[in-house]
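Structural description and commentary
Chain by chain, the residues run as shown.
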Amino acid sequence: MDKTETIITSCSHDCGGRCMLKVHVHEGKIIRIETDDGEEPQLRACLRGRAYRQRVYASDRLKYPMKRVGPRGEGQFERISWDEALDTVARELIRVKNAYGNASILFLRGSGSQAALHGAGAVEQLLAKFGGYTRTWDTASYEGPLFASMATYGTMTTGNAREDLLNSRMIIMWGWNPAVAIWDTNTTFTLAKAKEKGIKIVSIDPRLTESTAVFATEWLPIRPGTDAAMLIAMAYVMLKHGLQEQSFLDNYTVGFDKFQDYVIGMEDGIPKTPAWAEKITGVPQATIERLSIEYATSKPAALIPGWGPARGAMGEQFSRAANTIIAMSGNVGKQGGYAGGFMRAFHSREMGMPRGTRNPIEAGTPPRQNSLYKLRGAANPTSARIHSVKVYDAILRGTTGGYPCNPKLAYIVASNFLNSHPDVNKGITAFKSLEFIIIHEQRMTPTAKFADILLPVNTFMEREDVISPWLGSPYYLYMNKAIDSMYESKSDRDICAELAPRLGITNYREDRTDEEWLRIITERTGDIPDFEDFKEKGVIKLKVDQPFVAFKEQIEDPITHPFPTLSRKIEIYCQHLAEMNNPRISPIAKYLPTPEGYDDPLSQKYPLQLLTTHHKPATHSTMEKIPWLDEVEPRHIWISTRDAEARGISDGNEVLVFNDRGKVLMQAKVTERIMPGVVNIGQGGWFAIDKQGIDRGGCANILTPTEHSPGGAWSANTVLVEVRKA
Ligand SMILES: Nc1nc2c(c(=O)[nH]1)N[C@H]1C(S)=C(S)[C@@H](COP(=O)(O)OP(=O)(O)OC[C@H]3O[C@@H](n4cnc5c(=O)[nH]c(N)nc54)[C@H](O)[C@@H]3O)O[C@H]1N2
Ligand SMILES: Nc1nc2c(c(=O)[nH]1)N[C@H]1C(S)=C(S)[C@@H](COP(=O)(O)OP(=O)(O)OC[C@H]3O[C@@H](n4cnc5c(=O)[nH]c(N)nc54)[C@H](O)[C@@H]3O)O[C@H]1N2
Ligand SMILES: [Mo]
C-alpha cells in the first residue's frame with residue numbers, strides 16, 4: 001500500500017509571491033513537491049518553492065541550541081540544552097534591562113517569515129511585554145514609494161488588480177521585473193495574456209531583464225538614479241503639446257501650477273526639455289518625446305513605477321515624479337489605468353495577529369524628523385526608532401551620535417541582518433562591539449555566526465500557519481504542517497512561550513494554542529466562513545466581480561469620497577513636505593543629483609554604477625546554497641561588453657569588484673543585457689571574507705553605503721565601484 005500523503009501548504013518567505021505547494025510526504029519525509037494544477041486561477045509555485053525539499057534537509061540546518069565558544073563571528077559553537085540556552089537569554093535580557101534600560105535592547109526583525117502566526121512578531125510581543133525595545137523604522141523594500149504614495153495619495157492602496165492590465169492599451173514597466181521578483185503570483189501570467197492581446201509593453205531599465213526579454217516590445221536603458229529627470233521631461237513634452245488632462249488636474253489635484261513652473265524653467269531658469277534629460281539619463285531626446293506622446297495619447301495606460309529605481313539615494317523623487325505624470329495623464333481611478341504609488345491592490349486582507357501590547361519605549365515620543373506624521377497610516381513616525389542602515393552607526397555612537405538609545409544587546413529574528421544590510425565590514429565592527437547577541441535562525445548564515453546564543457527554528461513545513469498574498473490578490477492560503485520539527489528546532493512562538501516565565505511574563509500567549517490563534521486570524525478576514533474547509537482545501541480563492549481599481553470612487557464621486565490626503569486631493573504639490581523645510585525634500589517632484597550618482601566626482605575613481613537587484617533563484621539570502629537553485633543562475637557580476645573589453649575581462653573571468661567600503665571577488669558575466677557604465681550583482685549572496693579582507697561569497701552589501709534618502713529609501717542602487725580582472 002502507498003502510504004504517501006499529499007499536504008497542501010504555501011511558502012512564507014519574502015519572495016514576492018504566495019503560491020500553493022503540494023508536498024508529498026512518505027514516512028515523515030518530504031519526497032517531492034508539486035504545485036497547483038487545479039481550478040483557475042492556479043497559484044503555481046516558482047523554482048524556489050519546488051526546490052524547498054533541499055532547504056528543509058540542508059546540511060547547515062541548525063539542529064540544537066548552541067552557545068558561542070570562540071571569538072564572536074568565527075562560528076565556533078558548542079551544543080547546549082534548551083534550558084541552558086533559555087536561562088542564558090533571560091539572564092542577559094534582564095541584566096541589560098537593569099543596567100541600561102529597555103531601549104538598549106535592539107530588536108532586529110527580518111523578512112524571513114511572512115505568515116500570520118509564526119516569525120519575528122512572536123519575539124516583538126515578548127519584548128513589548130518585557131518593557132520595550134528599540135526597533136528600526138524603515139523597510140528595505142519600499143520606503144521611497146511609500147513616502148511618495150503617502151505624500152501624493154495619502155494611502156498605500158494605489159494599485160489596480162493585475163487582471164486589469166488587460167484593459168490597458170499600453171503598459172510601461174519602469175524598473176519593474178516581475179518575471180524575477182514575482183509581484184504577486186499571477187503577474188507574469190497576466191503579462192503573457194497582455195502580450196497575446198497585442199498590448200504595447202515598454203521596459204525602462206538599465207538591464208535587459210527577463211520581463212523585458214519575454215514581454216516587452218521595446219527596451220529603453222537608462223542611467224540608474226536619473227529616472228526622475230526623464231519623467232519630468234515627459235511632463236515637459238506633454239505640456240508643450242497640450243496633452244495633459246487639464247480637467248482632471250483642475251478637479252482632482254493641487255499644486256500643478258507650481259510643478260509646471262519648475263518644468264518650464266520659471267522656477268530655476270532651466271526648462272526641463274528632453275535635451276536636458278538626455279544629458280542626464282542617456283536616453284535620446286527623440287525617444288523621450290515619442291514615449292511621452294505615446295503614453296499621453298494611449299488611454300488607458302498603465303505606467304508601473306517599480307521599487308528598484310526608488311531604492312536609491314533620492315528614491316522618493318522617482319516615485320513622486322511618476323505619480324505626477326500619471327496624474328497629468330488622467331490615468332488614476334480608471335480601468336486599464338494605474339495610479340502608481342505604493343501599488344497595494346486589495347481583494348484579500350492582510351492576515352495577521354490582532355494588535356497586542358504596544359512598545360512602551362515609544363509611548364509619547366515626538367514624531368521623527370521628515371516623517372509624514374500628519375497623515376493617518378503614515379510611515380512609522382516615532383522618533384524612538386533607528387533607520388536600519390544606521391543601526392551600525394547607532395551601535396558604535398549611541399546617543400552621542402544623536403540616536404535615541406545606546407544599543408547593548410541585539411535580538412535578531414528571521415533576518416540575515418549583516419548580509420542584507422549595507423556595509424558588511426562596518427556591520428562586523430559594530431556587532432563585535434555589542435555586549436550580547438541572541439539569534440533565532442534556521443541555518444548557519446553569516447549573521448548566525450555572530451550569535452552568543454543561537455536558537456534553532458523550524459521551517460514552515462514543520463508548523464501550521466495561514467498567509468495572504470504579497471500585494472492583495474484575491475485568495476488566502478492555509479499552510480498545513482507537512483512534517484514534524486527537525487532535530488531540536490522549535491517555532492519562534494514556542495521559544496517565546498518558554499522564555500516568558502523566565503522573564504516574569506505570565507500572559508505571553510494569553511492561554512491560546514496555535515490553532516486557536518489561527519481560527520481568530522482566519523475569522524478576522526471576514527472572507528472565510530469555514531475554518532475546517534479552509535484547512536482541508538489549503539486555499540480559498542475569492543470570487544471577484546470586478547478587478548479592483550484604486551481610487552475609482554474618488555474619481556467617480558469626489559464629494560463623498562475625497563482622497564485621504566490633507567488637501568483631500570492628489571497632491572502634486574504637498575504642503576506637508578513643504579513644511580519640512582528641507583532642501584532635499586521638495587514639495588513637488590524634482591530631479592536632484594546625489595552622492596555616488598553618475599556625475600559625482602567620485603566616479604573618476606569608481607566609474608561604474610552598481611545595481612544590487614533581486615536575484616531569480618534567491619529570496620534575498622534565504623534560498624542560498626540550495627544545489628538545484630545554484631544551478632539555475634549563479635550569482636555573477638553583470639558587466640557590459642564595452643566595459644569588459646576596456647578592462648580586458650572575458651566572460652567567466654574572476655574579477656575584483658571594489659570601492660572604499662570593500663572588495664568582492666566573483667565571476668564576470670559579460671553581456672549586452674546591461675548598459676555600459678552599469679554593473680549588477682544579485683543581492684543575497686552569503687558573505688565569506690577571507691584573510692585578505694576579500695569577500696568570496698558574492699555579497700553585494702560589502703559595497704553598498706549606509707545612507708538613505710530623506711524619505712527613508714535605501715541606497716542599494718546608488719553605489720559607485722570599479723571592476724578589474726583578478
Ligand atoms: N526572485 C526574487 N524575487 C523577489 C525577491 C527576491 O529576493 N528574489 N524579493 C522580494 C522582495 S522582499 C521585494 S521588496 C521585491 C523587490 O522587487 P523590485 O524592487 O521590483 O526588484 P529589483 O530587482 O530590486 O528591481 C527591479 C528592477 O529595477 C531595476 N532598476 C534598479 N535601479 C534602477 C534605476 O535607477 N532606474 C531604472 N529604470 N531601473 C532600475 C533593476 O535593474 C531591476 O530590473 O522583490 C520580491 N521578489
Ligand atoms: N544590496 C541590497 N540589499 C538588500 C536589498 C537590495 O535590493 N539590495 N533588498 C532588501 C530587501 S527589499 C529586503 S526585504 C531585505 C531582506 O533581508 P532579510 O530579512 O535579512 O532577508 P534574508 O536575507 O532572506 O534573511 C531572512 C532569514 O530569516 C530566516 N528565517 C526564515 N524563516 C524564519 C522563521 O520562521 N523564523 C526565524 N527565526 N528565521 C527564519 C532565514 O533562514 C534567513 O536567514 O534585504 C534588503 N537588502
Ligand atoms: Mo523587500
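For the structure given in this document, a descriptive report is provided here. This one's a predicted model, so the numbers in the text were calculated from it and none came from an experiment. (Residues numbered from 1 in each chain as written. Chains lettered and ligands numbered in written order. Predicted model: local features only at pLDDT ≥ 70, side-chain atom pairs only at ≥ 80, totals over all residues. Heavy atoms only, no water.)

A word on the overall build of the protein chain
For the protein chain, the helix and strand inventory stands at 24 helices and 25 strands. For 726 residues, the compact-globule estimate of 2.2 N^0.38 gives 27 Å, and the C-alpha radius of gyration of the protein chain, at 25 Å, lies within 12% of that figure. For the C-alpha atoms alone, the extent of the protein chain along its principal axes is close to 75 × 60 × 55 Å. Taken over 726 residues, the protein chain has a buried fraction of 62%. The long-range share in the protein chain, meaning contacts at least 24 apart out of those at least 6 apart in sequence, stands at 74%. Roughly 27000 Å² of accessible area belongs to the protein chain as shown, and the carbon and sulfur atoms make up 48% of that amount. A gap of 2 Å separates the mean positions of the 86 positive and 86 negative side-chain charges of the protein chain. (Helix = DSSP H or I, 4+ residues; strand = E, 2+ residues; numbered from the N terminus. Rg over C-alpha atoms; globule rule 2.2 N^0.38 Å. Buried < 20%, exposed > 50% of the residue type's maximum accessible area, 1.4 Å probe, protein only. Contact = heavy atoms within 4.5 Å. Areas by Shrake-Rupley, 256 points an atom, 1.4 Å probe, with all protein chains shown as cover. Lys, Arg positive; Asp, Glu negative; His and termini not counted. Charge placed at Lys NZ, Arg CZ, Asp CG, Glu CD.)

Some details on the pairing of strand 19 (residues 608–611)
Burial along strand 19 is two-sided: Leu 608 and Leu 610 and Gln 609 and Leu 611, pointing in opposite directions, are all buried. Bridging between strand 19 and strand 25 (residues 719–725) involves 3 bridges; their strand directions are antiparallel. In the sheet register, Leu 610 faces strand 25, and the bridge partner there is Val 719. Here 3 bridges tie strand 19 to strand 23 (residues 678–680), and the two strands are oriented parallel to one another. Bridged to Leu 610 within strand 23 is Val 679. (Pairing = 2+ DSSP bridges.)

With respect to the site of ligand 1
In the region of ligand 1, 34 residues are neighbours, and Asp 205, Asp 227, Arg 311, Ala 618 and His 620 sit closest. With respect to ligand 1, the backbone of Gly 225 contributes an N or O atom lying 2.9 Å from an oxygen atom. Note that an oxygen atom of ligand 1 is positioned 2.8 Å from one of the backbone N or O atoms of His 620. If ligand 1 stood free it would expose 910 Å²; the protein chains cover 99% of that surface. Within the shell around ligand 1, the residues separate by chemical class into 14 nonpolar, 13 polar and 7 charged. (Near = heavy atom within 4 Å. Polar contact = N/O pair within 3.5 Å; in protein donor to acceptor, adjacent residues only side chain to side chain. Nonpolar A, V, L, I, M, F, W, Y, C, P; charged D, E, K, R; others polar.)

Observations concerning the packing of aromatic side chains
Within the structure shown, the criterion is met by 22 aromatic pairs. Ring pairing ties together the aromatic residues Tyr 142, Trp 176, Trp 183, Trp 307, Phe 342 and Trp 470, which thus form one cluster. Above the ring of Tyr 598, the side-chain terminus of Arg 223 is found at 4.5 Å from the ring centroid. The residue whose ring lies beneath Lys 490 is Trp 82, and the NZ or CZ to ring-centre distance is 4.9 Å. (Phe/Tyr/Trp six-rings, centres within 6.5 Å; stacked < 30°, edge-to-face > 60°. Lys NZ or Arg CZ within 6 Å of the ring centre and 35° of its normal.)

Structural notes on the nonpolar core
Soluble globular proteins: nonpolar side chains tend toward being buried together. Of all hydrophobic cores here, the largest spans 56 residues; its most connected members are Met 230 and Phe 259. Sorting elements by how many residues they give to this core places helix 9 (residues 227–240) first, with 11 residues. If sequence neighbours within four positions are ignored, Phe 259 has contacts with Ile 232, Ala 235, Thr 324, Met 328, Ile 572, Ile 588 and Ala 589. Core analysis: the next-biggest nonpolar cluster, separate from the first, contains 49 residues, Phe 77, Ile 395, Ile 428 and Ala 668 among them. (Core = buried A, V, L, I, M, F, W, Y, C linked by side-chain atoms within 4.5 Å.)

Some points on helix 14 (residues 315–328)
The terminal C-alpha atoms of helix 14 lie 21 Å apart, and with 14 residues this matches the ideal 20 Å at 1.5 Å per residue to within 8%. With 14 of 14 residues buried, helix 14 lies mostly within the body of the structure. A positive phi of about 70° marks Gly 330, the residue just after helix 14. (Expected span 1.5 Å × (residues − 1).)

Some words on the sheet that holds strand 16 (residues 475–479)
Within the open sheet, the 3 strands sit side by side as 15-16-17. Their pairing is antiparallel. Edge positions in the sheet fall to strand 15 (465–467) and strand 17 (539–541), since each has one partner strand and no second. Averaged over all pairs of adjacent strands, the angle between their axes in this sheet comes to 10°, without regard to strand direction. With 3 bridges connecting them, strand 16 and strand 17 associate as antiparallel partners. Across the sheet, the residue bridging to Tyr 475 is Lys 541, located in strand 17. In the packing of helix 19 (residues 514–525) onto the sheet, contacts are made with strand 15 and strand 16, and the angle to strand 15 comes to roughly 20°. (Axes fitted to C-alpha atoms, helices over the stretch in contact; angles between N-to-C directions.)

Some thoughts on the sheet that holds strand 2 (residues 20–26)
Ordered in space as 1-2-3, the 3 strands form an open sheet in which the pairing is antiparallel. Either end of the sheet is taken by a strand with one partner, and the two such strands are strand 1 (5–10) and strand 3 (29–35). Neighbouring strand axes in the sheet, compared pairwise and without regard to direction, differ in orientation by 30° on average. Alignment of strand 1 against strand 2, held across 6 bridges, turns out to be antiparallel. Bridged to Thr 6 within strand 2 is His 24.

Notes on the packing of helix 9 against helix 13 (residues 285–297)
Close contact between helix 9 and helix 13 brings their axes to 9 Å; oriented N to C, the two are set at 65°. Put simply, helix 9 runs roughly perpendicular to helix 13. As helix 9 packs across helix 13, the resulting crossing turns out to be right-handed. Of helix 13, the residues touching helix 9 (which contributes Met 230, Ala 233, Met 234, Val 237, Met 238 and Lys 240) are Ile 288, Glu 289, Leu 291, Ser 292, Ile 293, Tyr 295 and Ala 296. (Parallel < 35°, antiparallel > 145°, perpendicular 65-115°, else oblique. Left-handed = near helix turned anticlockwise from the far one by under 90°.)

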